[in-house]
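Given next are the chains, with one letter for each unit.
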Amino acid sequence: MTALLDFARALEFAAHKHIDQRRKGVRAEPYLNHLSEVAFLCAEATAGNDPVVVIAALLHDTLEDTDASYEEIEQHFGAEVAGVVAETTDDKRLRKAERKQRQIDAAPTASSRAKLVKLADKVSNLRSMAHSPPADWPLERKIEYFEWAHAVVAGLRGTDTRLESLFDRAYEDGLAELRGDTV
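Residues numbered from 1 in each chain as written. Predicted model: local features only at pLDDT ≥ 70, side-chain atom pairs only at ≥ 80, totals over all residues. Heavy atoms only, no water.

Chemist: Please explain the overall build of the protein chain as it appears in this structure.
Modeler: When its secondary structure is counted, the protein chain shows 10 helices and zero strands. The secondary structure elements of the protein chain, listed N-terminal to C-terminal, are α-α-α-α-α-α-α-α-α-α. At 16 Å, the protein chain has a C-alpha radius of gyration in line with the 16 Å of a compact globule built from 183 residues. Projecting the C-alpha coordinates of the protein chain onto the three principal axes gives extents of approximately 45 × 35 × 30 Å. When each of the 183 residues of the protein chain is scored for burial, the buried share is 46%. Counting contacts in the protein chain only where the partners sit at least 6 residues apart, residues at least 24 apart contribute 67% of the total. Of the roughly 9,500 Å² that the protein chain leaves accessible, carbon and sulfur atoms contribute 52%. Counting 24 positive and 32 negative side-chain charges, the protein chain places the centres of these two groups 3 Å from one another. (Helix = DSSP H or I, 4+ residues; strand = E, 2+ residues; numbered from the N terminus. Rg over C-alpha atoms; globule rule 2.2 N^0.38 Å. Buried < 20%, exposed > 50% of the residue type's maximum accessible area, 1.4 Å probe, protein only. Contact = heavy atoms within 4.5 Å. Areas by Shrake-Rupley, 256 points an atom, 1.4 Å probe, with all protein chains shown as cover. Lys, Arg positive; Asp, Glu negative; His and termini not counted. Charge placed at Lys NZ, Arg CZ, Asp CG, Glu CD.)

Chemist: Sorry, what's going on with the packing of helix H9 (residues 139-154) against helix H10 (residues 161-179) here?
Modeler: Working note: a packed helix pair is described by the angle between its axes plus the distance between those axes. Axis separation between H9 and H10 bottoms out at 11 Å; the angle between their running directions is 170°. The pairing of H9 with H10 is recorded here as roughly antiparallel in orientation. Considering how the two elements wind past one another, H9 and H10 form a crossing that is left-handed. In this structure, H9 uses Leu139, Lys142, Ile143, Phe146, Glu147, Ala149, His150 and Val153 to contact H10, whose residues at the interface are Phe167, Ala170, Tyr171, Gly174, Leu175, Leu178 and Arg179. Tallied by class, residues from the contact of H9 with H10 come to 10 nonpolar, two polar and three charged. (Axes fitted to C-alpha atoms, helices over the stretch in contact; angles between N-to-C directions. Parallel < 35°, antiparallel > 145°, perpendicular 65-115°, else oblique. Left-handed = near helix turned anticlockwise from the far one by under 90°. Nonpolar A, V, L, I, M, F, W, Y, C, P; charged D, E, K, R; others polar.)

Chemist: Would you take a moment to explain the pattern of salt bridges for this structure?
Modeler: Two side chains of opposite charge can pair, provided their charged atoms sit close to one another. The tally for this structure, following the rule as stated, stands at 14 salt bridges. Of the charged contacts, one joins Lys17 and Asp67 as a salt bridge, the two residues approaching to 2.9 Å between their closest N and O atoms. Here Lys17, found in helix H1 (residues 2-17), pairs with Asp67, found in the loop between helix H4 (62-65) and helix H5 (70-77); they are 50 residues apart in sequence, far enough to count as distant. For Lys17, a relative accessible area of 16% puts it in the buried group. (Salt bridge = Lys/Arg side-chain N within 4 Å of Asp/Glu carboxyl O.)

Chemist: Would you mind showing me how to read the nonpolar core here?
Modeler: When a protein is soluble and globular, its nonpolar side chains tend to lie buried together. One finds Leu59 and Val81 to be the most contacted residues of the largest nonpolar core, which totals 49 residues. Counting only elements with at least two residues in this core, the list comes to H1, helix H2 (31-45), helix H3 (51-59), H5, helix H6 (79-87), helix H8 (112-131), H9 and H10. Those residues within four positions of Leu59 in sequence are excluded, and the remaining contacts are Ala10, Phe13, Ala14, Ile73, Phe77, Val81 and Val85. (Core = buried A, V, L, I, M, F, W, Y, C linked by side-chain atoms within 4.5 Å.)

Chemist: Explanation requested: the UniProt feature "domain: HD" (unreviewed entry) in the protein chain in the structure shown.
Modeler: The feature "domain: HD" (unreviewed entry), as annotated in UniProt, sits at residues 31-126 in this numbering. End C-alpha to end C-alpha, residues 31-126 measures 15 Å, and it is 74% helix and 0% strand. (UniProt positions renumbered as here; feature names shortened; annotations may be inferred.)

Chemist: Help me understand the environment of Glu64, please; the structure alone is not making it clear to me.
Modeler: Among the structural elements, Glu64 can be located in helix H4. Residues Glu64 and Val123 lie 59 residues apart in sequence; the distance between their C-alpha atoms is 19 Å. In this structure Glu64 touches Thr88, Thr89, Asp90 and Lys92, once residues within four positions along its chain are discounted.

Chemist: Help me out: how do you make sense of H2 in this one?
Modeler: Every α-helix winds through 3.6 residues per turn, so residues three or four apart in the chain are directed the same way. Taking 1.5 Å per residue as the helical rise, H2 with its 15 residues ought to reach 21 Å, and the 22 Å between its terminal C-alpha atoms agrees with that figure. Turning to H2, its buried residues number three or more, namely Tyr31, His34, Leu35, Val38, Ala39, Leu41 and Cys42. Projection of H2 onto a plane perpendicular to its axis shows the buried side chains occupying an angular sector of 160°, all on one side. In this fold, the buried residues of H2 make contact with H1, H3, H4, H8 and H10. Ala47 sits one or two positions beyond H2 and adopts a positive phi of about 55°. (Expected span 1.5 Å × (residues − 1). Arc of directions from axis to C-beta.)

Chemist: In this structure, what is going on with the side chain of Thr62? I would like to understand it.
Modeler: For Thr62, the position within the fold is in helix H4. In terms of polar contacts, Thr62 uses its side chain to reach the backbone carbonyl oxygen of Leu59, at 2.8 Å. If sequence neighbours within four positions are ignored, Thr62 has contacts with Phe13, Lys17, His18, Ala68, Ile73 and Val85. (Polar contact = N/O pair within 3.5 Å; in protein donor to acceptor, adjacent residues only side chain to side chain.)

Spelled out as structure tokens, the structure:
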């Protein structure tokens, strides 16, 4: 029962920390929708047997996008969860291009848990980009995002065949949708 309580605490923590955040897409979905999708994908990938990765998936953007600290996550959810969250967090002090390149470079050497979270995150982001892209992004920028995500996932291959298939589908269908091709 403790894993369920830990999950519920993480869900409440993430909801509180991201309370005023919305996705950048035209639908402006609550940010929590993204976190729950990433956690769900990780839960499926682990058949529910790794609460650390599922909780880390719920919290994967808290260090990057909220006032949460590493110490706070470690105190509430333990060193394993905090470690995965830290491993999946971009350093916002760096320029955007450098952060993006670091994701590509770090992907192959990430821990297996961080790879699962990253892979699920990219699936969710591509789905979102295809169905609710930022209104102010031109087509070229959206396509560049898809190509960058593809480069990150290249370094995550061999992690989980089902998630990789979901990514491939989101990539192919999303590009087709953005370009107006029939799927």
